[in-house]
Amino acid sequence: MERTFAIIKPDAVERNIVGKILEKVETAGFRIVGMKKILLSKCEAEGFYYVHKERPFFNDLCSFMSRSPVVVMVLEREHAINTWREVMGATNPDNAEAGTIRKDFGLSIEENSVHGSDSPESAAYEIPYFFSQLELL
């Protein structure tokens, strides 16, 4: 079994579609081993997205991610990282395949409803950024 990290982003929480996204999570065979709704500070968002700090979109991304609550999750199943990336779809909703979260719910490249770890290394950083071992059941 493998674990991955996921975020339901502010645009999706604001539009009250968390349940619709969770339905896709469960339909894809994931077990939710940790989940909570939080409001990131801008500083926390900057720490989480530090790998993008030199990119021109960094400030806008951190402002977006801290503008309203998000739902953070740890998902588990075989091949969790790659499967979650398939369920999410392409970063740009216009390029995402039909039936993916980003195609169905994404508004733009930035407001694309969800985030997911892109590798075992990023999952190893992202999961403990938000969850202690005691919170993962």
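Above this text sits the structure in question.
Now for a look at the structure at hand. (Residues numbered from 1 in each chain as written. Predicted model: local features only at pLDDT ≥ 70, side-chain atom pairs only at ≥ 80, totals over all residues. Heavy atoms only, no water.)

Some thoughts on the packing of aromatic side chains
Okay, step 1: What the rule picks out here adds up to nine aromatic pairs.
Okay, step 2: Between Phe 48 and Tyr 129, the ring centres sit 5.7 Å apart and the planes meet at 55°, which makes this aromatic pair tilted. Remark: Tyr 129 occurs in helix H7 (residues 120-130) and Phe 48 occurs in helix H3 (residues 42-48); sequence separation between them is 81 residues.
Okay, step 3: Given a relative accessible area of 3%, Phe 48 falls into the buried group.
Okay, step 4: Taken together through their ring pairs, the aromatic side chains of Phe 5, Phe 48, Tyr 49, Tyr 50, Tyr 125, Tyr 129 and Phe 130 make up a single cluster.
Okay, step 5: Across the ring face of Phe 131, the terminal group of Lys 36 is positioned such that the distance to the ring centre comes to 4.8 Å.
Okay, step 6: Over the ring of Phe 30 we find Arg 77, and its NZ or CZ is 5.6 Å from the ring centre. (Phe/Tyr/Trp six-rings, centres within 6.5 Å; stacked < 30°, edge-to-face > 60°. Helix = DSSP H or I, 4+ residues; strand = E, 2+ residues; numbered from the N terminus. Buried < 20%, exposed > 50% of the residue type's maximum accessible area, 1.4 Å probe, protein only. Lys NZ or Arg CZ within 6 Å of the ring centre and 35° of its normal.)

What about the side chain of Thr 83?
Okay, step 1: Relative to the elements of secondary structure, Thr 83 occurs in helix H5 (residues 80-88).
Okay, step 2: The buried category is assigned to Thr 83, whose relative accessible area is 13%.
Okay, step 3: For Thr 83, the contacting residues outside a window of four places in its chain are Phe 30, Arg 77 and Glu 78. (Contact = heavy atoms within 4.5 Å.)

As for the sheet that holds strand E3 (residues 70-77)
Across a sheet, paired strands are connected by hydrogen bonds in the backbone, their directions being either parallel or antiparallel.
Okay, step 1: Strand order in the open sheet made by the four strands is E2-E3-E1-E4, with antiparallel pairing throughout. The open sheet is flanked by strand E2 (31-38) and strand E4 (114-116), the only strands paired with a single partner. Put simply, the sheet's adjacent strands are angled 20° from each other on average, direction ignored.
Okay, step 2: Relative to E3, E2 is paired through seven bridges, and the arrangement is antiparallel. Looking at the pairing, Met 35 lines up with Met 73 of E3. (Pairing = 2+ DSSP bridges. Axes fitted to C-alpha atoms, helices over the stretch in contact; angles between N-to-C directions.)

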